[in-house]
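Residue-level structure breakdown
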Amino acid sequence: MLTLEGTKVRLRDWHIADLSAYREWLRPHQEWHQWDGPYFPPLTTQEADAALARLAEQLSTGESPEVRRRMVIADALTDHLVGTVSWHWESEETEWPRAGITVYDPSQRGRGVGSEALTLWADYLFAATGFRRLDFSTWSGNLAMCNVGRKLGWTEEARFRDARVVRGAVYDSVVYGVTRAQWAELRLHSSSQSANY
């Protein structure tokens, strides 16, 4: 079992005990759906149940992939699932990965949970793979996610103006990215600053 420890959260492998909480977070009434890709419809009951069945099947084998595709964001004190991190191929042919992060629990937002989770995830992915870069896509109305990118020193690499309509208002689509070399420099700088305090 892989666990990546932070001060606020830990990233860890899935447990069977996570499935009921995860199922509840997937329900369409949950508030996070308004922020994390609200232009995509939430999963239907049947789609959510199918996703949970696939996850349960993967957990039942007891095998862990060499490089995780998705991990739980768990509260560092309670170990309860509060979100997830993931990555997928934006273009596998050109070896272009895209990271994802979702904090489901609204009580965890605004506390640095997303920044710490994305830091742990980027550290892990750059250490476990040969990825040259990572990025994530969001929309200009998700100020919290845009702030995470800026706070961590990721570069705004793309802004597609007036690309998303959310609840009747028009927003930009935004991509923040970081290269392997840039992340190493940012982490070195943040470590040296921490040492001076």
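Here, every reference points to the structure presented above.
Presented here is a report on the structure given in the accompanying data block. (Residues numbered from 1 in each chain as written. Predicted model: local features only at pLDDT ≥ 70, side-chain atom pairs only at ≥ 80, totals over all residues. Heavy atoms only, no water.)

Focus on the nonpolar core
Rules: Definition used in this section: a nonpolar core is a set of buried Ala, Val, Leu, Ile, Met, Phe, Trp, Tyr and Cys residues joined via side-chain atoms within 4.5 Å. Think of it in three bands: with a 1.4 Å probe and only protein chains considered, a residue is buried below 20% of the maximum accessible area for its type, exposed above 50%, and partly exposed in between. Each helix corresponds to a stretch of at least 4 residues labelled H or I by DSSP, and each strand to a stretch of at least 2 residues labelled E; elements are numbered beginning at the N terminus.
Ranked by internal contacts, the top residues of the largest apolar core, which has 32 residues, are Leu-11, Ile-73, Val-85, Leu-118, Trp-121, Leu-134 and Trp-154. Put simply, the parts of the chain that give this core at least two residues each are strand E2 (9-12), strand E3 (70-75), strand E4 (81-91), strand E5 (96-103), helix H3 (113-128), strand E6 (133-139), helix H4 (143-151) and strand E8 (169-179). Per element, the largest residue contribution to this core is nine residues, and it comes from H3. Listed in part, the 13 residues of the second largest apolar core include Tyr-22, Trp-25, Leu-55 and Tyr-104.

Some remarks on the sheet that holds E6
Rules: When DSSP finds two or more bridges between two strands, those strands count as paired. Angles run from 0 to 180 degrees between N-to-C directions of axes, and those axes are lines fitted to C-alpha atoms, restricted for helices to the stretch in contact. By the convention used here, residues are in contact when the closest approach between their heavy atoms is within 4.5 Å.
Pairing within the open sheet is antiparallel, and its three strands lie in the order E6-E8-E7. Because the sheet does not close on itself, it has two edges, and the strands there are E6 and strand E7 (155-166). Put simply, the sheet's adjacent strands are angled 15° from each other on average, direction ignored. Of the strands in this sheet, E6 and E8 are in contact with H4, which crosses E6 at around 150°.

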